[in-house]
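One letter stands for each residue in the lines below.
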Amino acid sequence: MTDIPAAANGVAASLRARINTDQPHTARIWNYWLGGKDNYEVDREAGDRIRQLHPGIGEYARADRLFLGRAVRHLAGEVGIRQFLDIGTGLPTADNTHEVAQRIAPESRIVYVDNDPLVLAHARALLTSTPEGRTDYLDEDLRNVDAIVEHASRTLDFGEPVALILLGVVIFIGDDEDPYGLVRQLTDRLPSGSHLVLSHTVTSPSMPDVDEAVRFWNEHGTPKLTQRTPADVARFFDGLHLLEPGVVSCSRWRPEPADGPEPAEVAMFGGVARKD
């Protein structure tokens, strides 16, 4: 098990200096919607305003979290993957990737990646591991593929299948930054048998209040979001073998029987695909 490098006082002070409490931040608002406590008044005010514009937004956060659990359980259980690279981790909550994976396979290894200083400050909660497995945390940006792979290779064996998890993070990559090429760079580094798990907020004529909420966020919050259509989201899986049921509302990706016959659709779409 790896200990958090931010334990040193100097590093902790540097982290505090990087945390902006004057402007709402997406990771902290997400935490607020999920019932967490790692947020500030500015985040709660923005989160409530967004919820007024789009009352179902809290369901998106929960649906995305449940999608993560179902995907990781499938990959660790039925597929047998033992390595997970979770980029855009967000603030720790219940059933983080390593908890779900190691519940099934205690020897699983997980590397978390995020560049939010508040996430790093709380990363100790992500570094609890079974004795058989291992967890690590990288303070890094999704755009820095070479650095991520180099540092993650200290914990993960890139000669064996890896589950790459990109939940709600590619929305922060603008169209002018080649988001599809960036995801492809990451999947190109993975061997056959690896899987991509990706979710993304969508824009749809049937959900106009989502667009209004995103406009509000981009005027007041950080980082800025880029919405894409369900078809645009599906393009991230080009060249990979999509597992059933394809790219769908996160609430409808292999729902549990307790979720009912047809869970309500949310504007957070996701999918899981295998690299052959």
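Residues numbered from 1 in each chain as written. Predicted model: local features only at pLDDT ≥ 70, side-chain atom pairs only at ≥ 80, totals over all residues. Heavy atoms only, no water.

Student: Looking at this structure, how should I read the overall build of the chain?
Tutor: Along its length, the chain carries 10 helices and 8 strands. Taking 2.2 N^0.38 as the reference for a compact globule, 276 residues should give roughly 19 Å; the C-alpha atoms of the chain span a radius of gyration of 18 Å, in line with that estimate. For the chain, the spread of C-alpha atoms along the principal axes amounts to about 50 × 45 × 40 Å. Looking at the chain as a whole, 54% of its 276 residues are labelled buried. The long-range share in the chain, meaning contacts at least 24 apart out of those at least 6 apart in sequence, stands at 72%. Within the structure as shown, the chain displays about 12,100 Å² of accessible surface, and the carbon and sulfur contribution to it stands at 49%. Across the chain, the mean location of the 28 positive side-chain charges is 2 Å away from that of the 42 negative side-chain charges. (Helix = DSSP H or I, 4+ residues; strand = E, 2+ residues; numbered from the N terminus. Rg over C-alpha atoms; globule rule 2.2 N^0.38 Å. Buried < 20%, exposed > 50% of the residue type's maximum accessible area, 1.4 Å probe, protein only. Contact = heavy atoms within 4.5 Å. Areas by Shrake-Rupley, 256 points an atom, 1.4 Å probe, with all protein chains shown as cover. Lys, Arg positive; Asp, Glu negative; His and termini not counted. Charge placed at Lys NZ, Arg CZ, Asp CG, Glu CD.)

Student: Could you clarify how one ought to interpret the side chain of His74 in this entry?
Tutor: Its location among the elements puts His74 in helix H4 (residues 57-79). The residues touching His74, leaving out its near neighbours within four places in the chain, are Val79, Leu243 and Arg254.

Student: Before we go on, may I ask you to explain helix H9 (residues 208-220) in this structure?
Tutor: The periodicity of an α-helix, 3.6 residues per turn, causes residues three or four positions apart to be oriented the same way. Helix length check: H9 (13 residues) gives 19 Å between terminal C-alpha atoms against 18 Å at 1.5 Å per residue, within 8%. Along H9, the residues classified as buried are Val210, Asp211, Ala213, Val214, Phe216 and Trp217. (Expected span 1.5 Å × (residues − 1).)

Student: I would appreciate a short explanation of the layout of surface pockets in the present structure.
Tutor: By rolling a water-sized probe across the atoms, one finds the places where empty space is left. Approximately 200 Å³ is the volume found for the second largest pocket. If you trace the second largest pocket, you find 12 residues lining it, with Glu59, Ala63, Leu66, Ser251 and Pro263 closest to the centre. Grouping the constituent residues of the lining of the second largest pocket by class yields 7 nonpolar, 1 polar and 4 charged. (1 Å grid on protein atoms, 1.4 Å probe; cavity = no way out; pocket = protein on both sides within 12 Å on 5 of 7 lines; lining within 4 Å. Points joined across faces, edges and corners; volume = space filled by probe spheres on them. Nonpolar A, V, L, I, M, F, W, Y, C, P; charged D, E, K, R; others polar.)

Student: Got a minute to help me understand the nonpolar core in this structure?
Tutor: Side chains of nonpolar character tend, in soluble globular proteins, to be buried together. Among the nonpolar cores identified, the biggest contains 85 residues, and Phe84, Leu85, Ile87, Leu166 and Leu198 are the most heavily contacted of them. Among all residues touching Leu166, those that are not within four sequence positions of it are Ile87, Leu142, Val183, Leu186, Leu196, Val197, Leu198 and Ser199. (Core = buried A, V, L, I, M, F, W, Y, C linked by side-chain atoms within 4.5 Å.)

Student: Quick question: what am I supposed to make of unusual backbone geometry here?
Tutor: Negative phi values dominate among residues other than glycine, just as trans dominates among peptide bonds. In this model, Glu244 is joined to Pro245 through a cis peptide bond whose omega is 10°. Here the phi dihedral of Asp178 falls at roughly 55°; this positive angle occurs in a residue that is not glycine. Secondary-structure assignment places Asp178 in the loop between strand E4 (163-167) and helix H8 (179-188). A positive phi angle, near 45°, is found at Arg254, a position not held by glycine.

Student: Sorry if this is basic, but what is going on with empty space enclosed by the protein here?
Tutor: Under the criterion given, the structure shown has 1 cavity of 30 Å³ or more. The volume enclosed by the largest cavity comes to roughly 40 Å³. In terms of lining residues, the largest cavity is bounded by Thr187, Leu190, Ser194, His195, Leu196, Leu240, Ala273, Arg274 and Lys275. Looking at the lining of the largest cavity, the elements with two or more residues in it are strand E5 (195-201) and strand E8 (268-274). Each residue belonging to the lining of the largest cavity can be placed in one class, and the counts come to 4 nonpolar, 3 polar and 2 charged.

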